[in-house]
Amino acid sequence: MNAGFLQTPVAYLKGVGPNRAETLHSELGIHVYQDLLNLFPNRYIDKTQYYKIGQLQKSNAEVQVVGKIVHIKTVEQKRGSRLVAKFIDETGEMELVWFRGQKWIRENLKLNVPYVIFGKCNWFNGMFSMPHPEMELLSEHEKNIRIHMQPVYPSTEKLSNKGITNRVLSKLIQQLFIETKGSFAETLSNKILDELKLISKSEALYNIHFPKNQELLAKAQFRLKFEELFYLQLQLIAKNMLHKQKIKGFNFDQVGPLFNDFYANHLPFELTDAQKRVIKEIRADLGSNAQMNRLLQGDVGSGKTIVAVMTMLLAIDNGFQACLVAPTEILANQHYIGIKELLQGTGVTCELLTGSVKKSVRKPIHGLLESGELHILIGTHAVLEDKVVFKNLGLAIIDEQHRFGVAQRSKLWHKSPNDGEVGGATPPHILVMTATPIPRTLAMSLYGDLDISVIDELPPGRKPIKTVHRYDSNRLKVFHFIKEEIQKGRQVYIVYPLIQESEALDYKDLMDGYESIVRDFPQPQYQISIVHGQMKPEDKDYEMERFVKGETHIMVATTVIEVGVNVPNASVMIIESAERFGLSQLHQLRGRVGRGADQSYCILMTSYKLSSEAKTRLETMVQTNDGFEIAEVDLKLRGPGDIMGTQQSGMLNLKIADIVKDNTILKSARYFAMQLLKDDSTLEKPENLVIRHFYAELAKFKNIWNYIS
Ligand code: ADP
Ligand code: MG
C-alpha cells in the first residue's frame, strides 16, 4: 500500500463521514488513515483463556468461565433489589449479579445449560461474584468466529456520546484493513529485521489491532515500539551529527601557560579521576574545529566548578574570553568569590555582573569586556543583556541549566561581534553544567543535540550524609540535636517550602517557624539568619554573607538556597514539610551539607499524613545518597512528562513506546540508529533506502499536520 493513500482524510473511510471525522479529529487527533492505523489499543481483553471457578484469584481481573446456572433469586436491599444467580462448574460455585434489567434476564436465562460468561470478578462476602456478565450459550459460542484478544482503544466521554464506541473504532480499523488489503509498506531495513528477528510492518499492524494470540501481540508491540524509538533516535543523532559538520567552532589548540601553571601550582587538591576524564573530553571538543555543545552532569558536590575554571583557562590560553552564568545572584556571587580565590596569582582577570551591580561599576566592566582586557565575566541573566558585548567570547558556561531555557542558551551565541565569517559570527563553545542527574539513556534522548560528560565520583574523604525522617512531634529532640551540633562549632540550615500557589501561607509558615526558632535558640548565644524571596537583594546578600562567614549559626530559608551554595562548615540540613518537596529538590537541598570533612546530617520533617508517593520519596532519600539512583526513582514516580526538556524532544508524543518502561528497547534502538549512521550517514546505500524514505516521510507529514492543527 503506498504511503500517499494513508494520507487520505479519514472522512473518506466507509463508516466515517464528516461528523465522525470531526469528532475523531478533536478527540483523538485523527486526521488521516495513517492516524487511525496508528491508534493503538491501550490494552486487550484476553478471551483466549477459560478459567475454572476454582482457579479464580482475588485480583478483580476480567475472566471467562464456562458453567451452568443452577439457581436464581431476587434479593431485596435497602434501595431496590438485585438478581443473584448461583453459577457452578465442576470446581466450585460463584454468583452472577444484576442490578438493572432484572425482569428480562430472569425470563431469558436458562437453568442447567452451559454458558460462557465474561466479566470482572470480585471477591464479595466470601464468594466470587461477577456483576452484569456478558453471557453466551456455549453452543452459540462454539459456532461464532471470535476475536480472541479484544482490543480496548482510548476513549473519551464525547466519543461515547457521539456513538464512537470501542466496537465502532474496531470496525473502522477493520474497514481500513479491508481497503488496504492489510498490506503496508515496510519501514525498517532487512538487516534490522533479520538481526532483531522482527515481524514485518504489515504483520505487526495486524496483530496490534487484531492479535491472534499473546505471543504475536508481544511481537507486534516489540516491533512497533522499536520502530518508534529507532526513528526518534535517528532524528536526534542525525541532528547532532549535522550540527557538528555545519557549526564551525573556535579551535583551541593551545594548552598554554595558564592552564599548565594552574595545574602545577594553583590546584588546591588532586583532581578525581572523573574530573580528569571530563576535562579530557572537553579538551578534545575544543580542539575539534566544531563548536562544543556539552552537558556536564555531576552530583552535588562532585566538583564541577574546578572543571569550569580549567575550561575557562583553556579559552584564555587561546586568546579568548569566557563567561559563567548562574541562575541566582547568590550563586553568581559565590562563584565569583570562589573562582577569584582560585585564580589568585595567575594574572587572570575576573568580574561580577548581576542585576544589583551598580551602574557606576557596570560601565567600566562593559568597557573592559569590549577591549578584551577582562578575561572572565561571572554573572546572572544580566550577562545576557544586549548591552553586554564581548571582544571575543570563546566559551560560555551555564551552571544549573535546568533553570535556563533554550532561548537563553542561544542568546549566548551572539555575544561576540561578527568576526567577518560568512554566515555571521562563530558561536562560543557552550558547556552546560547540571547537578540534577537525568538517567543516562533518557539524557541522551532528551538532549540529542548535546554531548554528555558525567562526573560520577565524589572527591575523596567525604562522609556520606546521614539522612533520617522525623515527625513534627519529635521536634524537641531535633532541636536538641541542633544545639549539640552548634556546640561542636557546626552550622545548620532550616528550609521551608515555598510553592507558588500557596505563597502567602508558605510565608506565614516560614515566619512562624522563624519565630519559634528564635524562641528556642535565644540570643546572644545563638545567631540566626533568615533569607527568603521577598527580601531586598542586598538584605539577602547581607544575611547570606553572615552565614558564609560563620557569624550566624542557623540559616532559616526558603528554597532560594537550593542550588550551588557552598558553606563547608554547615553540617545539618533540616527540611520542613519535606513531603511537599519533589525528590530532585530534596536531593539538591541535602547537597548543601556534606561539603566539609565532618559528618553531616539531613533531617526530613513531616506530619503524619503522608501519601504513598511521599513515603516512597522519603524512603528513597533515607536509603541513598546517589543522585542517579534518585533520578531513576523520580522518573518512575513522576513519569518523563515533568522532567525538563521532555516536551521539546517529542518524547511525549510517543504512540506506543514508553521511555521508562521500554528503556531496554530504547537502548537497542539508539545502538542501531548509531551504527546505521556511522556506516551510511546519508542513508544512500540501497539496503537503507527503505529507512531513508520513511524518515523523509515522517518529517514531511509531521510538519504538515503541525502546521494545520
Ligand atoms: P558542584 O559539583 O556541586 O558544583 P563544587 O564544584 O562546588 O561542586 O565542589 C564542591 C566542593 O568540593 C568544593 O568545596 C570544592 O573545592 C571541593 N572539591 C572539588 N573537587 C575536589 C577534589 N578533586 N578533591 C577535593 N575537593 C574537591
Ligand atoms: Mg556548583
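What you see is a predicted model, and the numbers here were worked out from it, not measured in a lab.

### Focus on the site of ligand 1
Around ligand 1 lies a shell of 16 residues, among which Glu-270, Gly-301, Lys-304, Thr-305 and Arg-462 are the nearest. In the model, an oxygen atom of ligand 1 is placed 2.6 Å from a nitrogen or oxygen of the Gly-301 main chain. Starting from 560 Å² of accessible surface for ligand 1 in isolation, the protein chains cover 81%.

### Things to note about the nonpolar core
By size, the foremost hydrophobic cluster in this structure holds 44 residues, and its most contacted members are Phe-262 and Met-312. Looking at this core, the element that brings in the most residues is helix H12 (residues 304-317), giving 10 residues. The residues contacting Phe-262, other than those within four sequence positions of it, are Leu-267, Ile-306, Val-309, Met-310, Leu-313, Leu-342, Leu-343 and Thr-346. Ranked by size, the runner-up nonpolar core spans 33 residues in total, among them Tyr-33, Met-149, Leu-159 and Ala-220.

### Here we look at helix H19 (residues 537-548)
Each α-helix turn comprises 3.6 residues. Residues three or four places apart therefore point the same way. In a regular helix each residue adds 1.5 Å, so 12 residues correspond to 16 Å; H19 covers 16 Å between its end C-alpha atoms and thus fits that length. The set of residues buried in H19 consists of Lys-540, Glu-543, Met-544, Arg-546 and Phe-547. With its buried residues spanning 160° around the axis, H19 presents them on a single face. Set apart from the buried face of H19 by more than 90 degrees, the exposed residues are Glu-538 and Tyr-542. At the exit of H19 stands Gly-550, carrying a positive phi of roughly 85°.

### What to know about the packing of helix H9 (residues 214-246) against helix H24 (residues 663-679)
One can describe the packing of H9 onto H24 by two numbers: an axis separation of 8 Å at closest approach and a directional angle of 50°. When the axis of H9 is compared with that of H24, the two are oblique. Handedness of the H9/H24 crossing: right-handed. Judged by residue contacts, Phe-222, Lys-225, Phe-226, Leu-229, Phe-230, Gln-233, Leu-234, Ile-237, Ala-238 and Met-241 of H9 engage Ile-665, Leu-666, Ser-668, Ala-669, Arg-670, Phe-672, Ala-673, Met-674, Leu-676 and Leu-677 from H24.

### Things to note about the sheet that holds strand S12 (residues 350-353)
With respect to topology, 7 strands assemble into an open sheet ordered S12-S13-S11-S14-S15-S10-S16, the strand pairing being parallel. Bordering the open sheet on either side are S12 and strand S16 (451-455), each of which pairs with just one other strand. The average undirected angle you get between the axes of adjacent strands in this sheet is 20°. Note that strand S10 (residues 293-298) and strand S15 (residues 429-434) share 5 bridges and pair parallel.

### As for the side chain of Ser-302
Position of Ser-302 among the secondary structure elements: in the loop between S10 and H12. At a separation of 2.7 Å, a polar atom in the side chain of Ser-302 contacts the main-chain carbonyl oxygen of Asp-299. Leaving out residues up to four positions away in the same chain, Ser-302 has contacts with Gln-275, Ile-455, Glu-457, Leu-458 and Pro-459.

### Thoughts on the sheet that holds strand S8 (residues 134-137)
Across the sheet, which stays open at both edges, the 7 strands sit in the order S6-S7-S4-S3-S2-S5-S8 with mixed pairing between neighbours. At either margin of the open sheet sits one strand with a lone partner, and together these are strand S6 (122-124) and S8. In this sheet, adjacent strand axes meet at a mean angle of 45° when their direction is disregarded.

### A closer look at the environment of Val-567
Looking at the secondary structure, you find Val-567 in the loop between strand S20 (554-557) and strand S21 (570-575). A residue is classified by how much of its surface remains accessible, and Val-567, at 2% relative accessible area, is buried. Sequence separation between Val-567 and Val-593 is 26 residues, and the spatial gap between their C-alpha atoms is 7.6 Å. Setting aside chain neighbours within four positions, we find Val-567 in contact with Gln-491, Tyr-493, Phe-547, Val-548 and Arg-592.

### Side note on the pattern of salt bridges
Applying the stated criterion across every chain, the model contains 29 salt bridges. With a shortest N-O distance of 3.7 Å, Lys-86 and Glu-93 are connected by a salt bridge. Taking the relative accessible area as the measure of exposure, Lys-86 reaches 32% and is therefore partly exposed. Glu-93 sits in the partly exposed class, given a relative accessible area of 36%. Between Lys-661 and Asp-658 there is a salt bridge; the shortest N-O distance is 3.7 Å. Here Asp-658 falls in the partly exposed class, since its relative accessible area comes to 26%. Through salt bridges that share partners, Arg-277, Glu-281, Asp-285, Arg-294 and Asp-456 make up one connected network.

### Digging into the side chain of Thr-187
Within the secondary structure layout, Thr-187 lies in the loop between helix H6 (166-180) and helix H7 (190-196). For Thr-187, a relative accessible area of 4% corresponds to the buried category. Beyond its immediate chain neighbours, meaning those up to four positions away, Thr-187 contacts Lys-201, Arg-223, Glu-227, Tyr-231, Val-690, Ile-691 and Phe-694.

### Some remarks on the confidence of the model for the chain
Within the chain, residue pLDDT values average 87, and 90% of them lie at 70 or more. Per-residue pLDDT stays below 50 along residues 645-649; that stretch engages in 12 contacts with residues further than four places along the chain or on separate chains. In this model residues 703-709 is a low-confidence stretch, pLDDT under 50, and it forms 4 contacts with partners more than four residues away in sequence or in other chains.

Scoring rules and cut-offs
Throughout this document, residue positions are counted from 1 along each chain, in the order its sequence is written. Each chain is given a letter, starting from A, and each ligand a number, starting from 1, according to the order in which they appear as written. Two thresholds apply to this predicted model, a pLDDT of at least 70 for residue-level local features and 80 or more for giving and counting side-chain atom pairs, whereas whole-chain, interface and lining totals are computed over all residues. Each side-chain value is worked out from all heavy atoms of the structure, with water and hydrogens disregarded. Here a residue is near a molecule or strand as soon as one of its heavy atoms is found within 4 Å of it. Nitrogen and oxygen atoms within 3.5 Å of one another constitute a polar contact, given that in protein one can donate a hydrogen and the other can accept it, and given that sequence-neighbouring residues count only through two side-chain atoms. Exposure was quantified through the Shrake-Rupley algorithm and a 1.4 Å probe, taking into account, for residues, occlusion by the shown protein chains and nothing else. The term nonpolar core refers to a set of buried residues drawn from Ala, Val, Leu, Ile, Met, Phe, Trp, Tyr and Cys, joined through side-chain atoms within 4.5 Å. Think of it in three bands: residues with accessible area under 20% of the maximum for their type are buried, residues over 50% are exposed, and the middle band is partly exposed, with areas taken using a 1.4 Å probe on protein chains only. Under the DSSP-based scheme used, a helix requires at least four consecutive residues in state H or I and a strand at least two consecutive residues in state E, with every element numbered from the N terminus. Throughout, a residue-residue contact means that at least one pair of heavy atoms, one from each residue, lies within 4.5 Å. The length a helix should cover is 1.5 Å for every residue beyond the first. Picture the helix axis, draw a direction to every C-beta atom, and the arc is the one those directions span. Helix axes are fitted to C-alpha atoms over the stretch in contact, other axes to C-alpha atoms as well, and angles between N-to-C directions run from 0 to 180 degrees. Working rule for angles: under 35 degrees goes down as roughly parallel, over 145 as roughly antiparallel, 65 to 115 as roughly perpendicular, anything else as oblique. Crossing handedness is read from the near helix: turned anticlockwise from the far helix by less than a right angle, it gives a left-handed crossing, and turned clockwise, a right-handed one. Criterion used throughout: strands pair if DSSP finds at least two bridges between them. We count a salt bridge whenever a side-chain nitrogen from Lys or Arg sits within 4 Å of a carboxyl oxygen from Asp or Glu. Each residue carries a pLDDT score, the predictor's own confidence in it, on a scale running from 0 to 100.

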